[in-house]
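Listed here are the chains, written in short residue letters.
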Amino acid sequence: MASENVELVRAVFKAFNRRDFDAALALGADSISWRTLFSVETDVLKGKQQIRAAWERQIEALDVHIDVLELTPLDVTRVLAVGKWRGRGSESGIPVEQTAVQVFTVEDGWLRSVETYASREQALKAAGLAEQDAHADS
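Note that the structure is predicted; figures quoted are calculated from it, not measured.

**Student:** So, the overall build of the protein: which residues are in play, and what are the values?
**Tutor:** When its secondary structure is counted, the protein shows five helices and six strands. In sequence order, the protein lays out its α and β elements as α-α-β-β-α-β-β-β-β-α-α. Burial status across the protein gives 41% buried among its 138 residues. Across the protein, every contact between residues at least 6 apart in sequence was considered, and the portion connecting residues at least 24 apart equals 47%.

In structure tokens:
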């Protein structure tokens, strides 16, 4: 089950990077929630329509590509993802690079929620895990 969840998360990143938002969102439950790191309107997006709109605005402002550095199962439903976000401002041309850590929750084969954090330590703390606990199975 954990390896299937990792593959689902990998598929979301691949679809996002090729701008196939339909394919990425098709892996999510209708009630999916996505807590973002950078959002002007809200820090929790709810539902596929809000997520798609946020992704489209993001791509318009910053043509971002996410290099997945790590996908680690935390338990039977959660996957820790570490990604390096690289992009260039659409108008300014200024390069932008940020590493973000996300915890994806997958239940019954559907992506239910995504929580985004600035660091691995923050993500693991929010997930109720100590840093050493997550490395014990790696």
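**Student:** Kindly report on the sheet that holds strand β4 (residues 78-88), identifying the contributing residues and their values.
**Tutor:** Reading across the sheet, the six strands line up as β2-β1-β6-β5-β4-β3 and stay open at both edges, with mixed pairing between neighbours. Lying at the two open borders of the sheet, with one neighbouring strand each, are β2 (44-46) and β3 (65-73). If you compare each strand with its neighbour and ignore which way they point, the axes differ by 20 degrees on average. Relative to strand β6 (residues 110-117), strand β1 (residues 28-35) runs parallel, the two sharing four bridges. Counterpart to G28 in the pairing with β6 is L111.

**Student:** Explain the nonpolar core residue by residue, including any values.
**Tutor:** Within the largest apolar cluster, 29 residues are counted, with the highest numbers of intra-cluster contacts made by W34, W55, F104 and L111. Element by element, the count of residues in this core is highest for helix α1 (residues 2-17), at seven residues. Beyond its immediate stretch of four places on either side in the chain, W34 contacts V12, D43, V44, L45, I51, W55, Q102, F104, L111, V114 and T116. L80, V82, A123 and L124 belong to the second-largest nonpolar core, a separate cluster that totals nine residues.

**Student:** Go over the pairing of strand β5 (residues 95-107) with me, naming the residues and quoting the values.
**Tutor:** A regular strand places its side chains so that they alternate between the two faces of the sheet. Relative to β5, β4 runs antiparallel, the two sharing eleven bridges. Within β5, the position partnered with R88 by the bridge is P95. Turn length for the β4-β5 hairpin, with the two strands adjacent in sequence and antiparallel, is six residues, and the turn residue G93 shows positive phi of about 75 degrees. Judged from the seven bridges that link them, β5 and β6 form a sheet pairing that is antiparallel. Residue pairing in the sheet places V101 in a bridge with Y117 of β6.

**Student:** For the pattern of salt bridges, give the residues involved together with the corresponding values.
**Tutor:** On inspection of all chains with the given rule, the structure shows 14 salt bridges. R35 is the salt-bridge partner of E115, the closest N and O atoms lying 2.9 Å from each other. Linking E115 in strand β6 with R35 in strand β1, this pair joins segments that are 80 residues apart in sequence. Members of the salt-bridge network, linked through shared partners, are D67, K84, R86 and E97.

**Student:** Give a detailed account of the environment of K48, specifying residues and quantitative values.
**Tutor:** Along the chain, K48 turns up in helix α3 (residues 47-61). Here K48 falls in the partly exposed class, since its relative accessible area comes to 24%. Beyond its immediate sequence surroundings of up to four residues, K48 is in contact with L25, A26, G28, A29, D30 and I32. A polar side-chain atom of K48 sits 3.2 Å from the main-chain carbonyl oxygen of L25.

Reading the values: the criteria
- Residues numbered from 1 in each chain as written.
- Predicted model: local features only at pLDDT ≥ 70, side-chain atom pairs only at ≥ 80, totals over all residues.
- Heavy atoms only, no water.
- Helix = DSSP H or I, 4+ residues; strand = E, 2+ residues; numbered from the N terminus.
- Buried < 20%, exposed > 50% of the residue type's maximum accessible area, 1.4 Å probe, protein only.
- Contact = heavy atoms within 4.5 Å.
- Pairing = 2+ DSSP bridges.
- Axes fitted to C-alpha atoms, helices over the stretch in contact; angles between N-to-C directions.
- Core = buried A, V, L, I, M, F, W, Y, C linked by side-chain atoms within 4.5 Å.
- Salt bridge = Lys/Arg side-chain N within 4 Å of Asp/Glu carboxyl O.
- Polar contact = N/O pair within 3.5 Å; in protein donor to acceptor, adjacent residues only side chain to side chain.

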